[in-house]
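Descriptive structure summary
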Amino acid sequence: STRKESSAASDVYKRQLCQRPRFFHCNRDMLMTDGPLSRYRAKITNGELSHDPMQELCAEKLQSLKNALSNYEPATGSGGWRERFGLTRRRDEPTPPSGLYIYGEVGRGKSMLMDLFYETIDIEQKRRVHFHDFMQDVHNRMHRYRQQKKKDDADADPIPPIAKDLANDAWLLCFDEMQVTDITDAMILGRLFEHLFEHGVVIVTTSNRQPDDLYKDGLQRQNFLPFIEMIKQKLDVLELASATDYRMRNLTAADVFVYPISHDDALPKIDAMFTTLTEGARVTPDSLTVKGRKIEISAVGAGVAKFSFEELCTRPLGPGDYIALATHFHTIVIDFIPKLPDARRDWAKRFGTLIDAMYEHKTKLICAIECDPTEIYTDGDYSFEFQRTVSRMTEMRSQEYLDMAHLT
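Below you will find a few notes about this structure. (Residues numbered from 1 in each chain as written. Predicted model: local features only at pLDDT ≥ 70, side-chain atom pairs only at ≥ 80, totals over all residues. Heavy atoms only, no water.)

A closer look at the sheet that holds strand S2 (residues 126-130)
Short version of the rule: Whether two strands pair comes down to DSSP finding at least two bridges between them. Runs of H or I in DSSP of at least four residues are treated as helices and runs of E of at least two as strands, each being numbered from the N terminus. For helices, the fitted line uses only the C-alpha atoms of the stretch in contact; every axis is such a line through C-alpha atoms, and the angle between N-to-C directions lies from 0 to 180 degrees.
Strand order in the open sheet formed by five strands is S2-S3-S4-S1-S5, with parallel pairing between adjacent strands. The open sheet has two edge strands with one neighbour each: S2 and strand S5 (235-239). Neighbour-to-neighbour, the strand axes of the sheet open up by a mean angle of 10°, direction not taken into account. Pairing analysis gives five bridges linking S2 to strand S3 (residues 172-176), with the strands arranged parallel.

Here is the structure:
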């Protein structure tokens, strides 16, 4: 099976290697300057990464785009083409290089490679953001715009001015984990991206889905199809079809649950596992907005979120919150799960609801536990129902479960 997967990945690599990038070709000397390719090769030399032909191809494409961007700057602002009353791009204005759409299964290194590109790109007006957070920002801007305009012009279209503001703030946008599940987002994206491209914005994005599978089976999807065609026209589409899930390569079924262990001993072990899972990506505190409420997250990187048990289960979170977390992150790390007092039925029930959401979406769980999982909650009046949680936890630490694809 592994041999077949490697062969298939090799075939994809050869096929994509023959596809000429739509940004300009760069010579060997240019490739060796500081950039995603040199950083990637340095990580291999230092033993941080193993060589992967698909990852190297992706690094080459990102390096080529970096070189193209060194000779490009959009004509935005007061002297921009839209303000010069022309409806088509003038001949003397720079043509933006094609961006890049990198897709593939989780753990293939998409975020890591995009971060290497972002860190080495010498552009002041750049922005790297999780796609979900970007859309939340867009919705917030639309709300503020409508509040300001409701007295003067309630029917004013917020998309053109918002796109202009976004382009003025950053003309290079790097999105992590593009996915579209909300009909409101789906209806906004086509017009928003059309205006962004008109302003000369260059986009690099990662996704677990190929463009044709975005918003798959969504309501009124026919209205979303022009956006997909625009993405395929404006971005160079690359499948990162590595046969290896690097995110889990050092984790086995025996590793994902650490127990029995004290709180103080658990933290360094869980931190080390989190570092392994985030594979060198930028890690920052973050938040996820669900129905207008923010869920604060201790640390996020490469699609992995780390929480304390208190953050997840002693606060008034509900099924919708846990489903949002389970779909948004492919792996959730809990730094320490205590043995629960009999009286804390509410904590046990929230933890069970969290496990149900993660199980249904094949979200991976990495955790430290004070006791054997069967002893987390044994004698309270929710203990019978909690046996289902223990059963699901047992399955979630199996190698078969770890090998399953995350369901968003």
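Still more ground to cover, so stick around.
Quick look at the sheet that holds strand S11 (residues 364-369)
With mixed pairing, the six strands of this open sheet are ordered in space as S6-S11-S10-S9-S8-S7. Of all strands in the sheet, those bounded by a partner on one side alone are strand S6 (257-258) and strand S7 (284-290). Bridge analysis of strand S8 (residues 293-301) against strand S9 (residues 304-307) gives three bridges, and the strand direction is antiparallel. Note on S9: the bridge partner recorded for Ala 299 is Lys 306.

Describing the nonpolar core
Note that soluble globular proteins tend to have their nonpolar side chains buried in a common cluster. How we decide: We call a set of buried Ala, Val, Leu, Ile, Met, Phe, Trp, Tyr and Cys residues a nonpolar core when their side-chain atoms join them within 4.5 Å. Relative accessibility under 20% of the residue-type maximum defines a buried residue, over 50% an exposed one, and the middle range a partly exposed one, all with a 1.4 Å probe and only protein chains included. Contact between two residues is taken to exist if any of their heavy atoms lie within 4.5 Å; hydrogens are not considered.
Judged by nonpolar contacts, the single largest core of 55 residues is most densely connected at Leu 325, Ile 334, Phe 351, Leu 365 and Ile 376. Of all the elements, helix H13 (residues 345-360) adds the most residues to this core, at seven residues. Other than its neighbours up to four places away in sequence, Phe 351 contacts Phe 309, Cys 313, Ile 334, Ile 337, Phe 386, Thr 389 and Met 393.

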